[in-house]
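These are the residues of each chain, in order.
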Amino acid sequence: MKVLKKKRCRRQGATAVEFAVVAPMVLIFIFGMLEVFNLYRVEGALTAATLIGGREASIDTANSDDVEAEITNFLQSAGVSSPRITIEPAVLNRTIEEVLVTIELDATAENGFFLRNFFTGQMRREITVQRF
């Protein structure tokens, strides 16, 4: 009985050391996965906002302020900040047949945990629509 008790006492320290070695790697993996999911979330929101802006721009009675407001409202509800929205031509009227909607997002904006530290490029989506 005494031999079994001594082995168990020596094993308690090994468990703490194993945890100290494994825990940081598991946490890095979990936070890395969260950041990858966040990157895809921002890209998906950008794509959806571009489609929403294109849909709004295709309406004959819409003006550029309406298109920009729709895009901004959607991105704010998705948690994406600081987009640059470009609508060409800048003034929409009934004679214009084609509209180009472009949304750019700088990765250094406050859109993720560590996204701005690892991905420093521009995210850009654009769509050209016919007005009717």
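Draft legend 1. Structural detail: the sheet that holds strand E2 (residues 98-106). Spatially, E1-E2-E3 is the arrangement adopted by the three strands of the open sheet, whose pairing is antiparallel. Edge strands, defined here as strands with exactly one partner in the open sheet, are strand E1 (83-88) and strand E3 (122-130). This sheet shows a mean twist of 15° between the axes of neighbouring strands, independent of strand direction. Relative to E2, E1 runs antiparallel, the two being bridged by six bridges. When the bridges of E2 are listed, glutamate 88 appears paired with leucine 100. Across the sheet, helix H2 (residues 64-78) touches E1 and E2, and the angle it forms with E1 is around 155°.

Draft legend 2. Spatial organisation of a negative patch on the surface. On the surface, Asp65, Asp66, Glu68 and Glu70 cluster together into a negatively charged patch. Tracing the chain through its elements places glutamate 68 in helix H2. By relative accessible area, glutamate 68 is classed as partly exposed at 37%.

Draft legend 3. How the structure looks around the environment of alanine 90. Counting through the fold element by element, alanine 90 comes out in the loop between E1 and E2. With a relative accessible area of 54%, alanine 90 lands in the exposed category.

Draft legend 4. Structural context of unusual backbone geometry. Of note, the bond from glutamate 88 into proline 89 is cis; its omega dihedral lies within 30 degrees of zero at 0°. Here proline 89 is to be found in the loop between E1 and E2. Residues other than glycine seldom take positive phi values, yet serine 82 does so here, at roughly 65°. As for its placement among the helices and strands, serine 82 is situated in the loop between H2 and E1.

Draft legend 5. Highlighting the confidence of the model for the protein. Taken over all residues, the pLDDT of the protein has a mean of 82, while the share at 70 or more is 80%. Considering each helix and strand of the protein separately, the mean pLDDT is smallest for helix H3 (residues 115-118), with a value of 59, and largest for H2, with 91.

Draft legend 6. Structural detail: the nonpolar core. Counting 20 residues, the largest nonpolar core has Val67, Ile71, Leu75, Val99 and Val101 as the members making the most contacts within it. Mapped onto this core, the elements with two or more residues apiece are helix H1 (2-58), H2, E1, E2 and E3. Here the element with the most residues in this core is H1; it accounts for five residues. Residues within four places of leucine 75 in sequence aside, it is in contact with Ala45, Leu46, Ala49, Val80, Pro83 and Ile103.

Cut-offs applied
Residues numbered from 1 in each chain as written. Predicted model: local features only at pLDDT ≥ 70, side-chain atom pairs only at ≥ 80, totals over all residues. Heavy atoms only, no water. Pairing = 2+ DSSP bridges. Helix = DSSP H or I, 4+ residues; strand = E, 2+ residues; numbered from the N terminus. Axes fitted to C-alpha atoms, helices over the stretch in contact; angles between N-to-C directions. Contact = heavy atoms within 4.5 Å. Patch = residues over 30% accessible without salt bridge, like charges linked within 9 Å, V, L, I, M, F, W, Y side chains within 5 Å. Areas by Shrake-Rupley, 256 points an atom, 1.4 Å probe, with all protein chains shown as cover. Salt bridge = Lys/Arg side-chain N within 4 Å of Asp/Glu carboxyl O. Lys, Arg positive; Asp, Glu negative; His and termini not counted. Charge placed at Lys NZ, Arg CZ, Asp CG, Glu CD. Buried < 20%, exposed > 50% of the residue type's maximum accessible area, 1.4 Å probe, protein only. pLDDT = per-residue confidence, 0-100. Core = buried A, V, L, I, M, F, W, Y, C linked by side-chain atoms within 4.5 Å.

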